[in-house]
Amino acid sequence: MTELVRRLIVDVARFEQHAREVANQAISNGASAESLCADVRANAYGHSLDIVEPVFTMSGFRHFLTDEGCASAAHEEEHIVIDAELLYGFARDDNGHSLDGFTRFVGEVVNVKRVPAGQRISYGYTYSTATESTVALIGLGYADGVARRASSVAPIRIGEHDGTIAGRIAMDQFVVDMGDASVRIGDEAIIWGSAALGHPTISNLSALTGIPPLALTSLVGYRVHRESSQA
Amino acid sequence: MTTPLISISHANLRHNVATLASRVAPSEVMMAVKTNAYGHGLVEVCQTALEAGATSFAVLEIAAAIDLRNAGISAPLFAWLFGDDEIPAGIDHQVDLGISRREQLSIAGAYGKPTNPAIVHLKIDTGLTRNGATVNQWPSLCEEAARLEKIGNIRVVGVWTHLADATPQDDEDALELFRAAVDIARQAGLTPSILHAGASSAGLRSDASRLDAVRFGIAAYGVSPFDSPTANDLGLRPVMTVSAPVTHVTADHALVGIGFGHGILTGDNDERFVRIGSDTYRVTDIGVDSMRIVPFENSPWPVLLGARAIIFGDGGPSAEQLGAWCGTIGDEVVTSVSPHIRRTHN
Ligand SMILES: Cc1ncc(COP(=O)(O)O)c(C=O)c1O
C-alpha cells in the first residue's frame, strides 16, 4: 500500500561535505579532532538520526549530543559541541538571513480545480482568487510541519511552476493558487528545497513565519518519511 | 520525574464527548481522531470516546483505520485522504471511504465486490474549495455511483461536505448547496442514510448543520473552535496537559526541560507564560530541549529544582492561549507535540 507522498529528503552528499568543512574549521580554530561533538537532539532536529549519524561520523565527528546527553561524556570539557545552526547549514549572514540547510520537503497534489475569480478558499474564507485560476490541494498540513503561520504567504513549487499558499493551512491539507500553470493530481509539491534549483527555501519560510529553521525541521511530523538522496 | 510528560485526562475526554453527544442528539458523534487523535493517542482516545457516546470515527487516513481495526475497534471508520492505490486496502478493512472524484469511484467499483462492497460517502464541495466534487462534477459522480451500486460493487451510505467555519451565514449558504446536492444524489437513485457536514464550529452553533452526524474534533479535546466563547464557557475541559521539570535555577532565571524539539511551538511574542503551582512565570527563550523562564510580577523566586512547570493544559495556560501567543490556534499546539514524549492516560 503506497501512501501519499510526504517526504523529507536529506541531501547527504552535500551535507557531509559541509559537515567536514565545519569540523575542519573548528580544528583550525584550535579544537582537537578528538573533541568534536555533533548535536543530534530531537531526532537530529527532525532530519532523522539514522540518516544524519553516518554523515557526521564520515565527516569527522567523534561524539554525539543526544536527548540523553553526550554519549561518551566522561569528561564534558573534552567535548566541543558545534553550534547546531552552523552544523545543519543554517548559519546566519550579517543581516540575520540563514542558509538553506540540506533538506527538501515534498508533498503530493491530491486534487486540482479550475475556479473563477473571487473564489474563496479554506477556513474562514480569508483568501479569494484575484482572477480565474487553477488551485491545487496538497496532502500536507500543520500536523506534518507546514506551519500554519505560513498561511496565504508561503511560495510553493509544483513541477516547474510557482504558486502561493491560498488561505489557511489546515491540519493535513492546504491549497495553492497556481494561476494558469498546468498542474496534475499526483504532481509533487515542494515546500522547501534547494535555492540553486529555484525551489522555495526554508530561510524564506523562516523569515515569513518567524520560526527558526531548526524549529521548522524539528516540527516535520511523524507521517513524513525521511529519506536520503545524493541528488 | 525528569522528563517532559503529556498527561491525557480520560475523565475530561469522557465528559466532553458525552456533553457533545447529548448536545447534538439525535444526531450522532463521528469523532475526528485524525493525526493520532490530535496528538492525544489514537487507540486510547477511541476506546474512551466509544464508551462516552461516539458511534463512529473520522480517521482521515486508511493507515490509521487499519491501526484501529488491528486494535479491535469495530465501529465505522471514515477516511477521506488517501492515494488511489490505497483504496483496495480500505475496502479490505471495511473502511468508509470519502470519495470526491470519478477516478476514485472507478477504483472502488473495480475492487469492491457484492460480497464485500466499497462503503462510500460522496463528497460535494460547498465552498471550502478543498476536496469534494464541484457542483458541475456532482451529477455525473452520482450517476456513476448509482450504476456501480446497482452492480453491487459499492454501497453509497453517505453524502458529506466540510464547512468553512467562516460566518454562520456562510455555513447556512453552504448547507443550502449541500441539500441541493443530496436531492441530486437521490434523483440519481442513491439512498444515502448518513448525511454529515458540520465539525466543531458548526456542530456547536448551528442546529441545521447537525444532520445525521457531527464530526467533532477539536471540541472533544476540550479546545474551543472559537475565539469566544472559550472551552470553559462551552462546558468543555482540556484533555491534554504538557508539563516539564525545572532543571536549572539561577538568581534571575531558570530552565524548564522542554523545547521546540519536543514540538512546543515557538513565537516571537514576549507575552508567554508557564505556571508552577499557582504562580506564573514568563518564558523568555525556547531552545531545542529547554525554555528559559523568569519571575513575573511577584511570583516567588527561586523556583525549586524539579518543580513541574505546566506548559499548557489543566492548571496552566490553555492550548488556545498558547496558540494565540504563537500566532496560531490551539489545534496546532496540541497536534505539534512530539509523539515521542511519554504519555500517561488517566
Ligand atoms: C473532514 C473533517 N471533518 C471534521 C474535522 C474536525 O474538525 P474540528 O476539529 O474543527 O472539529 C476535520 C478537521 O479539520 C475535517 O477535515
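Residues numbered from 1 in each chain as written. Chains lettered and ligands numbered in written order. Predicted model: local features only at pLDDT ≥ 70, side-chain atom pairs only at ≥ 80, totals over all residues. Heavy atoms only, no water.

What UniProt states about chain B under its Cofactor (unreviewed entry) heading is, verbatim, "pyridoxal 5'-phosphate". (UniProt positions renumbered as here; feature names shortened; annotations may be inferred.)

Check the Cofactor (unreviewed entry) section of the UniProt entry for chain A; it says "pyridoxal 5'-phosphate".

Undergrad: Honestly, the overall build of chain A in this entry has me stumped. Any pointers?
TA: Summing up its helical and strand segments, chain A has 6 helices and 14 strands in all. With 231 residues in all, chain A has 58% of them scored as buried. The contacts of chain A with a sequence gap of at least 6 include a subset with a gap of at least 24, amounting to 70%. Total accessible area on chain A stands at roughly 9,500 Å², and carbon and sulfur atoms take up 48% of it. Charge separation in chain A, taken as the distance between the mean sites of 18 positive and 29 negative side-chain charges, equals 9 Å. (Helix = DSSP H or I, 4+ residues; strand = E, 2+ residues; numbered from the N terminus. Buried < 20%, exposed > 50% of the residue type's maximum accessible area, 1.4 Å probe, protein only. Contact = heavy atoms within 4.5 Å. Areas by Shrake-Rupley, 256 points an atom, 1.4 Å probe, with all protein chains shown as cover. Lys, Arg positive; Asp, Glu negative; His and termini not counted. Charge placed at Lys NZ, Arg CZ, Asp CG, Glu CD.)

Undergrad: Explain the domain arrangement of chain B here, please?
TA: Quite often, the size of an interface is put as the accessible area lost when its parts meet. All names here are of chain B. On domain assignment, one finds that chain B holds domain 1 (10–221) and domain 2 (240–345). On a C-alpha basis, the centres of domain 1 and domain 2 stand 36 Å from each other. Listed as interface residues are 8 residues of domain 1 and, on the opposing side, 7 residues of domain 2. For the pairing of domain 1 and domain 2, the buried interface totals around 770 Å² over both sides, and the portion due to carbon and sulfur atoms is 57%. When the buried surface of domain 1 facing domain 2 is broken down by residue, Gly39, His40 and Ile218 rank first, second and third, together holding 49% of it. Inspection of the region where domain 1 meets domain 2 yields 0 salt bridges. (Domains from an automatic or database assignment. Buried area = accessible area lost by both parts, 1.4 Å probe. Salt bridge = Lys/Arg side-chain N within 4 Å of Asp/Glu carboxyl O.)

Undergrad: Sorry if this is basic, but what is going on with the packing of aromatic side chains here?
TA: Each aromatic ring pair is summarised here by two numbers: the centre-to-centre distance and the angle between the ring planes. Evaluated as defined, the whole model comprises 15 aromatic pairs over all chains. Here the aromatic residues Phe15(A), Tyr45(A), Phe56(A), Phe61(A), Tyr88(A), Phe102(A) and Phe260(B) are joined through ring pairs into a cluster of three or more. (Phe/Tyr/Trp six-rings, centres within 6.5 Å; stacked < 30°, edge-to-face > 60°.)

Undergrad: Looking at this structure, I do not really get the UniProt feature "domain: Alanine racemase C-terminal" (unreviewed entry) in chain B. What am I missing?
TA: Under the feature "domain: Alanine racemase C-terminal" (unreviewed entry), the UniProt entry names residues 239–346 of chain B. Annotated as residues 239–346 of chain B, this span is 13% helix and 36% strand, and its ends, taken at the C-alpha atoms, are 10 Å apart.

Undergrad: Help me understand the nonpolar core in this model?
TA: One recurring pattern in soluble globular proteins is that nonpolar side chains are buried together. Ranked by internal contacts, the top residues of the largest apolar core, which has 181 residues, are Phe56(A), Tyr88(A), Met31(B), Phe57(B) and Leu122(B). In this view, Phe57(B) contacts Met30(B), Met31(B), Val33(B), Cys46(B), Ala49(B), Leu50(B), Ile73(B), Ala75(B), Pro76(B), Leu77(B) and Phe78(B); residues no more than four positions away in its chain are not counted. Of all hydrophobic cores here, the second largest spans 6 residues; its members include Tyr125(A), Ala170(A), Ala164(B) and Ala166(B). (Core = buried A, V, L, I, M, F, W, Y, C linked by side-chain atoms within 4.5 Å.)

Undergrad: I would appreciate a short explanation of the domain arrangement of chain A in the present structure.
TA: Residue and element names in this part refer to chain A. Assigned domains within chain A: domain 1 (12–87) and domain 2 (103–229). Using only C-alpha atoms to locate each centre, domain 1 and domain 2 end up separated by 32 Å. Taken together, the contacts link 9 residues of domain 1 with 8 residues of domain 2. Regarding the contact of domain 1 and domain 2, the summed buried area is about 790 Å², with carbon and sulfur atoms giving 67% of it. It is Tyr45, His47 and Ile51 in domain 1 that bury the most area against domain 2; as a group they hold 49% of the surface buried on that side. Counting the contacts that link domain 1 with domain 2 gives 0 salt bridges. For the side of domain 1 that touches domain 2, the elements supplying multiple residues, two or more each, are α1 (12–28) and α4 (84–87). Residue classes in the side of domain 1 that touches domain 2 are distributed as 5 nonpolar, 3 polar and 1 charged. (Nonpolar A, V, L, I, M, F, W, Y, C, P; charged D, E, K, R; others polar.)

Undergrad: In this structure, what is going on with the site of the ligand? I would like to understand it.
TA: Residue and element names in this part refer to chain B. In the vicinity of the ligand there are 14 residues, among which Lys34, Tyr38, Ser200, Arg215 and Gly217 approach most closely. Lysine 34 has a polar side-chain atom sitting 2.8 Å from an oxygen atom of the ligand. The separation between a nitrogen atom of the ligand and a polar side-chain atom of arginine 215 is 2.7 Å. Calculation on the ligand without its partners gives an accessible area of 400 Å², and the protein chains cover 94% of this total. (Near = heavy atom within 4 Å. Polar contact = N/O pair within 3.5 Å; in protein donor to acceptor, adjacent residues only side chain to side chain.)

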